[in-house]
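Per-entry structural report
What follows is the residue order along each chain.
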Amino acid sequence: ENAGAQVKIPAFVENSFGVRVPVVSFGNDLFQGRKDVTDIILPPTVESIPEGAFSGCDNLRRLALPKKIKSIKKGTFEGCRSLEDVYFEGSFEEWKEIEASLKNHIVTYGPLIPGTPVC
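Note that the structure is predicted; figures quoted are calculated from it, not measured. (Residues numbered from 1 in each chain as written. Predicted model: local features only at pLDDT ≥ 70, side-chain atom pairs only at ≥ 80, totals over all residues. Heavy atoms only, no water.)

Moving on, we come to the packing of aromatic side chains. The final tally for this structure, using the stated rule, is five aromatic pairs. Where F26 meets F54, the ring centres are 6.1 Å apart and the plane angle is 40 degrees; that geometry is what we call tilted. Taken together, the residues span a long stretch of sequence, with F26 in the loop between β3 (20-22) and β4 (37-41) and F54 in the loop between β5 (48-49) and β6 (62-65) at a distance of 28 residues. What makes F54 buried here is its relative accessible area of 0%. (Phe/Tyr/Trp six-rings, centres within 6.5 Å; stacked < 30°, edge-to-face > 60°. Helix = DSSP H or I, 4+ residues; strand = E, 2+ residues; numbered from the N terminus. Buried < 20%, exposed > 50% of the residue type's maximum accessible area, 1.4 Å probe, protein only.)

Moving on, we get to the state of the cysteines. Enumeration according to the criterion identifies zero disulfides in this entry. C57 takes part in no disulfide bond, and the closest cysteine sulfur to it belongs to C80, at a distance of 5.5 Å. You can call C57 buried: its relative accessible area is 0%. Overall, the relative accessible area of 6% leaves C80 in the buried class. (Disulfide = S-S within 2.5 Å.)

This part covers the sheet that holds β4. Neighbouring strands of a sheet are bound in pairs by backbone hydrogen bonds; such pairs are parallel or else antiparallel. As summarised here, the arrangement of the four strands in space is β1-β4-β6-β8, forming an open sheet in which the pairing is parallel. What marks the edges here is a single partner per strand, and that holds for β1 (5-8) and β8 (85-88). Neighbour-to-neighbour, the strand axes of this sheet turn through a mean angle of 15 degrees, independent of strand direction. Of the strand pairs in this sheet, β4 and β6 are connected by three bridges, and their pairing is parallel. The partner of I40 across the bridge, within β6, is L63. (Pairing = 2+ DSSP bridges. Axes fitted to C-alpha atoms, helices over the stretch in contact; angles between N-to-C directions.)

Two elements, β6 and β8, share four bridges in a ladder whose sense is parallel. Along β8, the bridge assignment pairs L65 with F88.

Within the structure shown, the criterion is met by six salt bridges. Here D36 ties to R34 by a salt bridge, and the two come within 2.8 Å at their closest N and O atoms. Between D58 and R81 there is a salt bridge whose closest N-O contact spans 3.3 Å. With a gap of 23 residues between them, D58 in the loop between β5 and β6 and R81 in the loop between β7 (71-72) and β8 connect regions that are remote in the sequence. On the basis of relative accessibility, which here comes to 66%, the residue R81 falls in the exposed class. By sharing partners, the salt bridges in this structure join K35, D58 and R81 into a single network. (Salt bridge = Lys/Arg side-chain N within 4 Å of Asp/Glu carboxyl O.)

Here is the structure:
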């Protein structure tokens, strides 16, 4: 059985001008429909997750979110049937400040309990 892909997005990349820049977001098609991805770790520099970013990732089991996250757009987890854990590096108060698009997921998966995964 294939163990699946664990993806860790880098905090910095080199742009077309050869300048090192922080990764603050990513394209919504980067992960869409990826059946091989089981774990995604976002760097501490990411501030937003685009609409439908992980939709169709049937085998995504774990996601680590940095405390800088301010918005998670609609449809982010659509079709993520295997999702077990969403880890958030921030506090409960910071979690509550994330853009409302995620509030439906809290109802579905449960509230944040300190020291445990969000979902």
